[in-house]
Structure formats: structure tokens, C-alpha cells
Amino acid sequence: MLKQYETAKTDFGAAQPRFGSEVIETLSRTSFDEAEAEITAWEGYKPTPIFHLTGLADILGLKAVYYKHEGPRFGLGSFKALGGAYAVLRSIQRELSDAEGRKITVEEIRNGHFASQISEMTIISATDGNHGRSVAWGAQRFGAKCRIYIHAEVSAFRAEAMQKLGAEVIRVNGDYDATVAQTRGDAEKFGWIIVSDTSWPGYRLAPLDVMAGYGVMAREIVRELSEPPTHVFLQGGVGGLAASVIAAFHQEWGKVAPRNIVVEPELAPCLFASAKAGAPTSVKIEAETLMAGLSCGEPSQIAWEILEKSVHGFMTIPETLVAPAVRMLANGQSGDCRIEVGESAVAGLIGLICGATSPSLRDEMKLGSESRAMIIGSEGITDPSLFRAIMADQD
């Protein structure tokens, strides 16, 4: 069952984390506290499940494999629901506070005190799908207009999901990074409010809010597990998810926090390239990865402030393993329960299996019979047609 993982071509680079103050200061405990207090009060909030994949752990010779399944999150299908919508609220709060000359509370916004002013605001964002869906949901929830920019390869289903939440969807002739550039230009031209999950010089607050929202997921893990995992395998993208989880785990678990491995598609390895260069580094996306949510060529600068100090290893994985990993979970091939997930949810799982089945990688990653690995299953089925195609192509 795992032969293709054993022989897969992967790149792995071990790192020596220094855990400087940036890990805690960039995303403070207070920022996580505020996000948690707000998000857990929303209607429909419920912690997502952690599955114990005991069959897979036995096959890999590990003590435990935990899978945090974000598919049920607020009915939006992914962990992104935690970040984008919260950042919309905080961005509206800042805009109103500037206009009113005093700090406007989130309670005033939730209670409709500024509904007319908010209805004139336009929130915009670039997305591969899941972040934009959360932003659209947040804009609808708090009463603002919304425009979402998507690139040429984003599926029609994902575009329609955002339109159903009231967003105007604009398709850009280019990749994800081109959509980010378009939002920056339009925001400056029309005075619209960008809520992005990536940062650039002079733009930090909304991405920090997004990452603070993701901390809710990390704290759920801390509260449910009786002991910290020894390893966590985190998908890359622009780096916001990985940085948020690492910061939250470090704050809660300190010296017994897990080893952090960041996993990226071989077609979009901007964090791997940044690690090699020792500085945030962009890569050109020559072809789109099947893991649409991870097709990012430029890292988030604030995420990199955390990652460069805290990651134990960076890893790239081949496209050929994505569909088999989705099927493995959906079919319960390891003897575990069946979990239906989207393609971006399996990056960490693939990284773990490749690491555990390769003697050299197993040694470099310090995986052994007492290891307990955490996987963040970042999305459920966010594109049913693609999921059906993956499942139909059984090998």
C-alpha cells in the first residue's frame, strides 16, 4: 500500500530552529486570546474532530498518528473559516475606529450600531478558494460588500460557493500571485479594504488577524490531547497556517512542543526556497499543483518571521502522491475510519508517510516507535467534482 511513498522523490532540508522572541511576539498570546473569545462565541462554533489513525501508526511503526479534520468548520469546509471572517471583523473595526475617532468595539459591530456605514464598505481579497469563501462569509455576516479575485485555474464550483455568499467574483488571467497584485492595485485605486492571508511591506494587520484566528484550531488540539505530539507536519502555502500552529503550540507547550516539519508541493516550494536562501524567496509557478490551496509562489513575510526561527525541516512532495493519499483516507485503506477530504488536506500526511518509510528521512526527522505525529487536515471536500474525479481514478 505504501510502496509508492517509499520510492517517491522528495526533497528534505533539516533546519536548526532558534525559537527567538519573534515566535511569541509576532503572534502574541493576547492576539490568540482575543480571536478565541470572539470566534468561539459565533453561532455554529464547534471544535473539529481529531481522528486517531491507529492502523496507519502501526503500519508506519509509530506510537500514534493524529488527524485534525477541518472539513466541518462552520459549514465552510476548511480551517480558513477561522481566519478570513475574523480578519474581516477586525478590519471593519479599524476602519470604523479611524472614522469615528475612538475605538469601536466588536460588540457594537455585532449589535448593528454601524450597519449603515459598514454597508458602504467593500472588502476584497485574493484566493485559491477557501480563504475567499471565509472572507465572503465574514463580509456577509457583518454587512459589507465583497469582491473576491481568483486565478485562472480556480474551479467553477469554488467560485460559485463564494458567489452564493454574496461576493462578486473576478477571475484574473494569471496565477495566485497575480490575483494578489490585482487586489493591491484595486484597493489603492478605489479605497477598498484588503483582507489578505499573506503580508507584504507595510501590510501586516489583517494577515496577523487571519493567523490569530487559526490559533483557535491549534488550541483545540492542545486541549484535547493528553500529551503533546512529538511531531507536527504542516502544509506550506504562504506559511500562515504553519506559523500560527507553531506559535500557539510553542506558547502552550514550551520545551515539549513538537518538532515542526513544513511540507509543500514540488510545484510551489516558496518556503523551501526561502529556507535554502535564508530569506523570504519567491518562486515562479510553472504549473498548478493539484493542491490548489497550496499553489503559492511568494511567502508571507510575517509568517516567515516565525518559520525561520522555529521549523525543524522543510520538505517538498511530488504530485503523483496527492490523489492516492486522498483515496487512502476516503477508503480507510490503513484499517482506520474513512475520512473524505480535499486535495490540500493531505500534504502533511504525505510528508509523514514519506518520512516514516524512508530510512534516511526517518532518521533525519527523528521518527521512531515512540513518535506521535499530528497532521492538520486543512479541508474537507471543497470541490465535489474534483473529489469524484480523484475517487474514480482508482489505482
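Cut-offs used in this document
Residues numbered from 1 in each chain as written. Predicted model: local features only at pLDDT ≥ 70, side-chain atom pairs only at ≥ 80, totals over all residues. Heavy atoms only, no water. Buried < 20%, exposed > 50% of the residue type's maximum accessible area, 1.4 Å probe, protein only. Helix = DSSP H or I, 4+ residues; strand = E, 2+ residues; numbered from the N terminus. Pairing = 2+ DSSP bridges. Contact = heavy atoms within 4.5 Å. Salt bridge = Lys/Arg side-chain N within 4 Å of Asp/Glu carboxyl O. Core = buried A, V, L, I, M, F, W, Y, C linked by side-chain atoms within 4.5 Å. Axes fitted to C-alpha atoms, helices over the stretch in contact; angles between N-to-C directions.

A look at the pairing of strand β3 (residues 64–69)
- Where burial is concerned, most of β3 is hidden: six out of the six residues are buried.
- With three bridges joining them, strand β2 (residues 50–52) and β3 adopt antiparallel strand pairing. Note that in β3 the partner of Phe 51 across the bridge is Tyr 67.
- Where β3 and strand β11 (residues 372–377) come together, six bridges link them in parallel fashion. The residue of β11 that forms the bridge with His 69 is Gly 377.

Here's the deal with the environment of Arg 90
- Note that Arg 90 resides in helix α5 (residues 80–100).
- Each C-alpha atom of the pair Arg 90 and Val 210 lies 9.5 Å from the other, and the pair is 120 residues apart in sequence.
- Contacts of Arg 90, omitting those with residues within four sequence positions, involve Glu 34 and Asp 209.

Details of the pattern of salt bridges
- Tallied over the full model, the rule gives 23 salt bridges.
- In this structure, the salt-bridge partner of Glu 252 is Arg 219, at a minimum N-O distance of 3.7 Å. Here Glu 252, found in helix α12 (residues 240–253), pairs with Arg 219, found in helix α11 (residues 205–224); they are 33 residues apart in sequence, far enough to count as distant.
- The exposure class assigned to Arg 219 is buried, which follows from its relative accessible area of 4%.
- Measuring nitrogen to oxygen at the nearest pair gives 3.5 Å for the salt bridge that ties Glu 308 to Lys 309.

Structural notes on the side chain of His 250
- Mapped onto the elements of the fold, His 250 is located in helix α12.
- Given the relative accessible area of 18%, His 250 is considered buried.
- Ignoring any residue separated from it by four or fewer positions in sequence, one finds His 250 in contact with Phe 19, Val 23, Ile 24 and Ala 257.

Describing the nonpolar core
- Counting 80 residues, the largest nonpolar core has Ile 92 and Ile 123 as the members making the most contacts within it.
- The element that contributes the greatest number of residues to this core is α11, accounting for ten residues.
- Excluding residues that lie within four positions of it along the chain, Ile 123 makes contacts with Val 88, Ile 92, Val 135, Ala 139, Ala 144, Lys 145, Cys 146, Arg 147, Ile 193 and Val 195.
- By size, the runner-up hydrophobic cluster in this structure holds 45 residues, among which are Val 65, Leu 321, Ala 347 and Ile 375.

Re the sheet that holds strand β1 (residues 11–14)
- Read from one edge of the open sheet, seven strands run β1-β10-β9-β8-β11-β3-β2, paired in mixed fashion. What marks the edges here is a single partner per strand, and that holds for β1 and β2. Each strand axis lies, on average, 20 degrees off the axis of its neighbour in the sheet, ignoring direction.
- Two elements, β1 and strand β10 (residues 313–317), share four bridges in a ladder whose sense is antiparallel. What sits directly across from Gly 13, in β10, is Phe 314.
- Running over the sheet, α12 touches β8 (231–235), β9 (259–265) and β11 and is turned about 155 degrees from β8.

So yeah, pure geometry; function would need other evidence.
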